[in-house]
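The chain contents come next:
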Amino acid sequence: MIIDTISNLYKYVGLNPLFADVVEFLKNNDLNTMEEGKHPIMGDRLFVNITTTKARSEEEAMLETHVEMVDIQMPLDTDETYGYTPLQCLPETEYDAGKDISFYGDTKPQTYVTCRPGQMVIFFPQDGHAPCISEKPEFKKAIFKVKA
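Since we're looking at a predicted model, the values are computed, not measured. (Residues numbered from 1 in each chain as written. Predicted model: local features only at pLDDT ≥ 70, side-chain atom pairs only at ≥ 80, totals over all residues. Heavy atoms only, no water.)

### Points about the pattern of salt bridges
Inference 1: Throughout the structure, instances matching the rule amount to six salt bridges.
Inference 2: Where Lys147 meets Glu68, a salt bridge forms, and the shortest distance between an N and an O atom there is 2.5 Å. Residue Lys147 is found in strand 12 (residues 138-147), and its partner Glu68 is found in the loop between strand 4 (64-65) and strand 5 (69-75); the two are separated by 79 residues along the sequence.
Inference 3: Accessibility expressed as a relative area gives 32% for Lys147, which makes it partly exposed.
Inference 4: Glu68 gets classed as partly exposed once you look at its relative accessible area, which sits at 35%.
Inference 5: A salt bridge links Arg116 to Asp79, with the shortest nitrogen-to-oxygen separation between them at 3.8 Å. Note that Arg116 is positioned in the loop between strand 9 (111-115) and strand 10 (119-123) and Asp79 in the loop between strand 5 and strand 6 (80-86), a separation of 37 residues in sequence.
Inference 6: For Asp79, a relative accessible area of 30% translates into the label partly exposed. (Salt bridge = Lys/Arg side-chain N within 4 Å of Asp/Glu carboxyl O. Helix = DSSP H or I, 4+ residues; strand = E, 2+ residues; numbered from the N terminus. Buried < 20%, exposed > 50% of the residue type's maximum accessible area, 1.4 Å probe, protein only.)

### Some remarks on unusual backbone geometry
Inference 1: The phi dihedral of Asp100 is positive, around 50°, even though this residue is not glycine.
Inference 2: Here Asp100 is to be found in the loop between strand 7 (95-96) and strand 8 (101-103).
Inference 3: Asp100 sits in the buried class, given a relative accessible area of 8%.
Inference 4: In the Ramachandran plot, Cys132 falls in the positive-phi region, its phi being about 75° despite a non-glycine side chain.

### A few points about the environment of Ile101
Inference 1: Residue placement: Ile101 occurs in strand 8.
Inference 2: Taking the relative accessible area as the measure of exposure, Ile101 reaches 14% and is therefore buried.
Inference 3: A C-alpha to C-alpha distance of 19 Å links Ile101 and Ile133, two positions 32 residues apart in sequence.

In structure tokens, the structure reads:
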């Protein structure tokens, strides 16, 4: 997991060759004015979802992991908190290959981090994360899905 400002994303392009394409996309697009929905950048290898999501409490948020994709999540209009637990500390669970997701039920995160608009969090396949925790009832966010 990496937490930083969006303006520093370029410093991480060595971690995944598609991160450079995310940086370029951000130079040419305003996430705040984009329509909600899935926006392909490089087919299924790289796309961004713009969504207004209902907030969850720490108790409601569920840990998840992905095998095929890296998440770069960016809250757009309010702070968003994420629960975090390393995959190696999570119990075995079912993997939905069609949706590239595993959920960990009642397992609670080890720790929490909060990002503000202008910041990002990057979750790799080894990062269990519980997103969408906020005090605002619903909020807008961007989720870049990047082929791992």
